[in-house]
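Overview (structure and organization)
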Number of protein chains: 4
Amino acid sequence: MLTALRQEVLEANLELFRRGLAIYTFGNASGISRDKGLVVIKPSGAPYESMKAEDLVATDLEGRVVEGGLRPSSDLPTHLALYRAFPALGGVAHTHSACATAWAQAGREIPCLGTTHADCFRGPIPVTAPLSPEEIQTDYELNTGRAIVKRFAGLDPMEMRAALVAGHGPFCWGASASQAAHNAVVLEEIARIAYWTVTLDPAAAPLHSTLLDKHFFRKHGRGAYYGQR
Amino acid sequence: MLTALRQEVLEANLELFRRGLAIYTFGNASGISRDKGLVVIKPSGAPYESMKAEDLVATDLEGRVVEGGLRPSSDLPTHLALYRAFPALGGVAHTHSACATAWAQAGREIPCLGTTHADCFRGPIPVTAPLSPEEIQTDYELNTGRAIVKRFAGLDPMEMRAALVAGHGPFCWGASASQAAHNAVVLEEIARIAYWTVTLDPAAAPLHSTLLDKHFFRKHGRGAYYGQR
Amino acid sequence: MLTALRQEVLEANLELFRRGLAIYTFGNASGISRDKGLVVIKPSGAPYESMKAEDLVATDLEGRVVEGGLRPSSDLPTHLALYRAFPALGGVAHTHSACATAWAQAGREIPCLGTTHADCFRGPIPVTAPLSPEEIQTDYELNTGRAIVKRFAGLDPMEMRAALVAGHGPFCWGASASQAAHNAVVLEEIARIAYWTVTLDPAAAPLHSTLLDKHFFRKHGRGAYYGQR
Amino acid sequence: MLTALRQEVLEANLELFRRGLAIYTFGNASGISRDKGLVVIKPSGAPYESMKAEDLVATDLEGRVVEGGLRPSSDLPTHLALYRAFPALGGVAHTHSACATAWAQAGREIPCLGTTHADCFRGPIPVTAPLSPEEIQTDYELNTGRAIVKRFAGLDPMEMRAALVAGHGPFCWGASASQAAHNAVVLEEIARIAYWTVTLDPAAAPLHSTLLDKHFFRKHGRGAYYGQR
């Protein structure tokens with residue numbers, strides 16, 4: 001069951017590893033079958049080098065394991081909160097990729113300083129509010145997901161497919177697990193470029209909104225003309 | 001047709017990828033046959049890993065596709081504007097390479113701080129003026145090329161073979177596609193060294209013009225004595 | 001004798017090399033058999049590329065060589081001081097990994113700025129006091145170990161498995177040589193993320209203690225729920 | 001003739017390339033046979049990928065080619081000035097390695113901030129004075145060597161085996177070509193660590209001279225006890 005989804009989620013996890021976004025057992029990616037209401041995710045604490053499609057864990061949207069002999073990623077409740085809140089999501093990727101994590105640790109949203117950013121994300125990458133001690137002590141991972149959802153009030157999760165969890169790191173998503181991993185890779189790239197930009201010029205101005213939208217909509221939506229038909 | 005040019009343009013594109021200047025489908029390189037008045041360029045949104053010479057798209061200098069079943073890079077009009085304005089150009093390479101892009105995002109020209117820079121570029125790397133909203137909304141890519149050409153009033157494009165488009169990233173060129181890619185690689189290297197230099201010493205002085213010219217003309221022009229005869 | 005320990009210590013040394021924490025002959029890892037009271041360590045000045053398990057040197061806890069034809073690492077007395085003072089240690093890894101070493105050179109402890117750090121280390125990474133000229137001139141390597149032990153008064157070495165020796169670099173440890181090497185790799189990663197964080201925001205706040213402990217104890221101790229049973 | 005020296009100089013050049021200190025045709029290494037009074041050096045403008053031992057050029061100490069069909073590196077007169085002034089030198093390596101070059105461009109000597117530095121270089125890495133326009137226009141490469149030699153008045157070139165040429169980059173040397181290349185690699189490493197250190201703490205204090213000498217003489221001279229007998 002879920003053979004194609006397992007394969008795609010495996011590839012998304014391996015992509016995080018190959019691109020240097022995750023060392024050892026850091027990070028995790030998942031994908032969802034909306035038809036079946038089932039999520040496939042990396043097992044908890046598993047190294048990437050030896051991971052196989054059959055090691056992945058399938059759960060329902062409440063986190064009950066329906067397939068697989070291993071424990072799911074401890075971040076599963078965060079993924080599920082995102083899938084429940086944002087129906088357009090097909091995949092989620094979480095990493096501690098170094099530069100995006102630095103922005104999250106600094107509690108600063110990544111401003112949209114150039115077209116590389118605008119090609120993928122429509123606006124600054126939002127940062128969540130800190131969790132309260134109570135939210136940390138009980139249902140921590142679920143509350144992490146809730147903090148992202150709360151931060152996205154008024155934002156379209158398909159135009160802004162990433163969030164920085166304050167003091168933690170990025171969660172990215174997309175229409176599929178592979179797109180979620182792709183967005184995690186691009187986020188790390190733009191986080192690095194933005195770091196260099198603001199250390200070159202602390203007053204660097206964000207991209208004009210006309211240019212931001214021009215680039216975002218060159219690649220996304222009905223008027224897109226980037227890529228092949 | 002254009003077999004040798006296609007091969008060279010393919011290699012130039014792959015060079016951008018191998019050297020880490022482009023991830024996924026970012027970036028593009030082109031080359032021109034001045035005899036035939038035809039340009040060969042990367043197809044839009046194509047990944048590098050599987051790119052073949054026959055996937056490249058040939059157009060005339062007005063951008064009409066004359067060969068190839070794919071859409072050309074969406075940045076084609078920028079390349080064409082450069083080919084039309086600068087007759088000495090044989091190739092153009094555009095990337096979002098991380099450090100050069102940071103300078104472009106900061107809107108700062110890269111000062112010529114050392115001989116590594118002077119060996120390849122005669123002076124600071126110029127930054128274009130921002131486009132107006134109108135220039136962004138209509139013929140954006142063409143206007144990007146025009147902004148470069150405008151910025152080069154009074155500059156010799158064969159002595160300064162790179163420009164930073166403000167808020168976007170570098171365009172580089174040369175007598176051939178392979179030289180354009182080579183210059184893009186060197187630009188990223190000097191952008192990184194310059195970043196470290198100005199963060200070590202914000203008041204770092206540009207190279208004396210005598211030393212700048214000594215190094216540039218060791219490698220270029222009639223008096224060059226670097227390399228083999 | 002000590003075949004399994006030799007193999008594990010070899011792998012720990014190679015891990016430092018493979019992950020880019022050590023160039024040429026820099027760095028060293030050791031492991032201990034508490035039963036036999038014997039330590040296995042990298043030979044002094046040996047390159048990693050050609051290292052074999054039988055090249056490693058076995059000594060007792062006073063540093064007397066009991067097996068192996070080569071000289072032990074010159075840092076052996078530092079390792080031994082740690083093994084004698086901290087009975088829970090099974091392995092030690094010392095590197096000059098670039099970013100952790102920069103913090104050591106700056107004499108700054110690495111603040112716990114995020115969950116990546118808290119997952120592995122419970123609190124800021126401590127820095128030792130400088131050695132006196134006398135401590136440097138006589139029994140330098142032993143005194144380096146003593147400085148670490150002194151700095152750890154009141155700290156649990158299994159909750160804080162790393163120290164920065166001021167002006168020198170990191171020493172890491174764990175329940176085994178492989179865990180020591182693992183912690184050295186994670187330390188370098190969090191040192192890099194912390195560097196970017198404090199240069200983005202010099203006033204970046206440390207993680208709230210509730211979140212710090214939540215992450216540390218997700219992975220360590222009785223209540224741990226990260227990983228597989 | 002010079003077969004062994006050619007092989008060692010080839011390896012030294014390739015080491016610069018493999019370690020990322022030189023891209024394309026940047027950089028060059030040479031070695032000298034003091035018996036024969038002959039120097040072997042990289043050919044000018046040659047890429048590393050295809051370089052063979054027989055491509056290297058042999059010259060006498062006045063720069064007259066005695067063996068080899070290619071032009072020697074344009075930096076040959078700098079190498080020769082060093083060989084003539086410093087009789088202990090067996091090899092010289094010149095690179096534009098990114099971080100050491102940034103220090104040279106900033107015109108700042110690299111302070112000795114830690115034991116990684118002290119293990120290889122006894123004190124801060126000196127920077128040459130700028131050349132006058134006349135020195136640039138005539139015999140530029142020879143004058144570059146003279147500027148290094150002048151800067152070394154009162155310094156022992158076997159205790160400080162590197163110099164930063166202001167606005168240019170590092171020259172390193174040693175008892176052999178392979179040691180020169182090794183020192184170039186270590187210089188780049190300590191340049192990077194020092195960069196991070198001074199950007200973490202602009203007032204970071206240099207290593208105490210007792211500790212500096214302890215580390216330098218652990219590895220060099222009669223009392224050395226690092227490595228194997």
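Preceding block: the structure.
Since we're looking at a predicted model, the values are computed, not measured. (Residues numbered from 1 in each chain as written. Chains lettered and ligands numbered in written order. Predicted model: local features only at pLDDT ≥ 70, side-chain atom pairs only at ≥ 80, totals over all residues. Heavy atoms only, no water.)

1. Focus on the overall build of chain A
Cut-off, in case you're wondering: Each helix corresponds to a stretch of at least 4 residues labelled H or I by DSSP, and each strand to a stretch of at least 2 residues labelled E; elements are numbered beginning at the N terminus. Radius of gyration: over C-alpha atoms. The globule rule applied is 2.2 Å multiplied by the number of residues raised to the 0.38 power. We call a residue buried when its accessible area falls under 20% of the maximum for its residue type, exposed when it is over 50%, and partly exposed in between, using a 1.4 Å probe and counting protein chains only. The contact criterion used throughout is that any non-hydrogen atoms of two residues lie within 4.5 Å. The method behind every accessible area is Shrake-Rupley, applied with a 1.4 Å probe, and residues are considered shielded solely by the protein chains displayed. Counted charges follow a simple rule, with Lys and Arg positive, Asp and Glu negative, and His plus the chain ends left uncounted. By convention, charge coordinates are those of NZ in Lys, CZ in Arg, CG in Asp, or CD in Glu.
Along chain A, the regular secondary structure elements total 8 helices and 7 strands. Radius of gyration (C-alpha) of chain A: 17 Å, near the 17 Å computed for a compact globule of 229 residues. The buried share among the 229 residues of chain A stands at 62%. For chain A, the proportion of contacts with a sequence separation of at least 24, taken over those separated by at least 6, is 63%. With the model as given, the accessible surface of chain A reaches about 8,300 Å², and the carbon-plus-sulfur share is 53%. Treating the 22 positive side-chain charges of chain A as one cloud and the 23 negative ones as another, the clouds have centres 5 Å apart.

2. Here's the deal with the interface of chain A and chain B
The following threshold applies: For any pair of parts, buried area is found by adding up, for both, the accessible area (1.4 Å probe) each one loses once the two are put together. A pairing counts as a salt bridge when a side-chain nitrogen of Lys or Arg comes within 4 Å of a carboxyl oxygen of Asp or Glu. Two N or O atoms count as a polar contact when they lie within 3.5 Å, although within protein this holds only if one can serve as hydrogen donor and the other as acceptor, and sequence-adjacent residues are included solely when both atoms are side-chain atoms.
Listed as interface residues are 33 residues of chain A and, on the opposing side, 31 residues of chain B. Between chain A and chain B, the buried area comes to about 3,000 Å², and carbon and sulfur atoms account for 55% of it. It is W196(A), L200(A) and Q228(A) in chain A that bury the most area against chain B; as a group they hold 22% of the surface buried on that side. Scanning the region where chain A abuts chain B turns up 2 salt bridges. Among the salt bridges present, the one from R218(A) reaches E141(B), with a minimum N-O distance of 2.7 Å. Where chain A packs against chain B, one counts 17 residue pairs in polar contact (both at pLDDT 80 or more).

3. Observations regarding the side chain of H79(A)
Residue and element names in this part refer to chain A. Its location among the elements puts H79 in helix 2 (residues 76-85). Looking at H79, the relative accessible area reads 0%, which means it is buried. Looking at H79, its side chain comes within polar contact range of the side chain of S30, at 2.8 Å.

4. Quick notes on the sheet that holds strand 3 (residues 57-60) of chain A
Residue and element names in this part refer to chain A. Using the following cut-off: Here a strand pair is declared whenever DSSP counts at least two bridges between the two strands. Every axis corresponds to a line fitted to the C-alpha atoms, with the helix fit spanning only the stretch in contact, and the corresponding angles, defined between N-to-C directions, vary from 0 to 180 degrees.
One open sheet accounts for 7 strands, arranged 4-3-2-1-5-7-6; its pairing is antiparallel. Sheet topology places strand 4 (65-67) and strand 6 (162-165) at the edges, where each strand pairs with a single neighbour. Here the strands of the sheet are splayed against their neighbours by 25 degrees on average, with no regard to which way each runs. Two elements, strand 3 and strand 4, share 2 bridges in a ladder whose sense is antiparallel. Within strand 4, the position partnered with A58 by the bridge is E67. Against the sheet, helix 1 (residues 3-18) makes contact with strand 1 (28-33), strand 2 (38-41), strand 3, strand 4 and strand 5 (91-94), and its axis sits at roughly 155 degrees relative to strand 1, the strand it touches most.

5. Focus: the relation of the copies chain D and chain B
Applicable threshold: Alignment of copies: least-squares fit on C-alpha atoms of residues with pLDDT of at least 70 in both copies.
The two copies are related by a screw operation: chain D maps onto chain B through 90 degrees of rotation and 0.0 Å of translation along the axis, at an RMSD of 0.0 Å. Each copy turns onto its partner about a four-fold axis. Scanning chain D for the C-alpha nearest the rotation axis identifies T199(D), at a separation of 5.5 Å. Comparing interface residues between copies, only 6% of those in chain D also lie at the interface in chain B; the contact surfaces differ.

6. Here we look at the environment of F217(C)
Residues and elements named next belong to chain C. By the element assignment, F217 lies in helix 8 (residues 209-219). Under the relative-accessibility criterion, F217 is labelled partly exposed at 32%. As a C-alpha pair, F217 and R19 span 198 residues in sequence and 26 Å in three-dimensional space. Here F217 is in contact with R122, E159, G223 and A224, once residues within four sequence places are set aside.

7. Some words on the interface of chain D and chain B
The line we're drawing: The classification used treats Ala, Val, Leu, Ile, Met, Phe, Trp, Tyr, Cys and Pro as nonpolar, Asp, Glu, Lys and Arg as charged, and all other residues, Gly among them, as polar.
Across the contact, 31 residues belong to chain D and 33 residues belong to chain B. Buried area between chain D and chain B, summed over both chains or domains, comes out near 3,000 Å², and the portion from carbon and sulfur atoms is 56%. When the buried area of chain D at its contact with chain B is split by residue, Y24(D), R71(D) and Q105(D) rank highest and sum to 25% of it. The tally of links from chain D across to chain B stands at 2 salt bridges. Remark: the boundary between chain D and chain B carries 17 residue pairs in polar contact (both at pLDDT 80 or more). For the side of chain D that touches chain B, the secondary-structure elements that each account for two or more residues are helix 3 (98-106), helix 5 (133-137), helix 6 (140-151) and helix 7 (177-200) of chain D. For the side of chain D that touches chain B, the element with the highest residue contribution is helix 3 of chain D, accounting for 7 residues. Considered class by class, the residues forming the side of chain D that touches chain B number 15 nonpolar, 11 polar and 5 charged.

8. Describing the relation of the copies chain A and chain B
The operation relating the two chain copies consists of a rotation about an axis and a shift along that axis. Mapping chain A onto chain B calls for a rotation angle of 90 degrees and an axial translation of 0.0 Å; the resulting RMSD is 0.0 Å. The fraction of interface residues of chain A whose copies in chain B are also interface residues is only 6%, indicating that the copies meet through different surfaces.

9. With respect to the sheet that holds strand 1 (residues 28-33) of chain D
Residues and elements named next belong to chain D. If you trace the 7 strands from one edge of the open sheet to the other, you get 4-3-2-1-5-7-6, paired in antiparallel fashion. Here the strands that pair on one side only, and so sit at the sheet edges, are strand 4 (65-67) and strand 6 (162-165). Strand-to-strand twist in this sheet, taken as the mean axis angle between neighbours without regard to direction, amounts to 25 degrees. Bridge analysis of strand 2 (residues 38-41) against strand 3 (residues 57-60) gives 4 bridges, and the strand direction is antiparallel. Residue pairing for strand 3: L38 is matched across the bridge by D60. Set on the sheet, helix 1 (residues 3-18) makes contact with strand 1, strand 2, strand 3, strand 4 and strand 5 (91-94); between it and strand 1 the angle comes to about 155 degrees.

10. Some thoughts on the state of the cysteines
Put plainly, a disulfide is one covalent bond tying together the sulfur atoms of two cysteines. Residues and elements named next belong to chain A. In plain terms, the rule: Any two cysteine sulfur atoms within 2.5 Å of one another count as a disulfide.
In total, this model carries 0 disulfides over all chains according to the counting rule given. Here C112 stays free of any disulfide, with the sulfur of C120 as its closest cysteine sulfur at 11 Å. For C112, a relative accessible area of 3% puts it in the buried group.

11. A few points about helix 7 (residues 177-200) of chain B
The condition is simple: Take the residue count of a helix, subtract one, and multiply by 1.5 Å to get its expected span.
For helix 7 of chain B, with 24 residues, the first-to-last C-alpha span of 35 Å sits near the 34 Å given by 1.5 Å per residue. The buried count for helix 7 of chain B comes to 19 of 24 residues, which makes it a mostly enclosed element.

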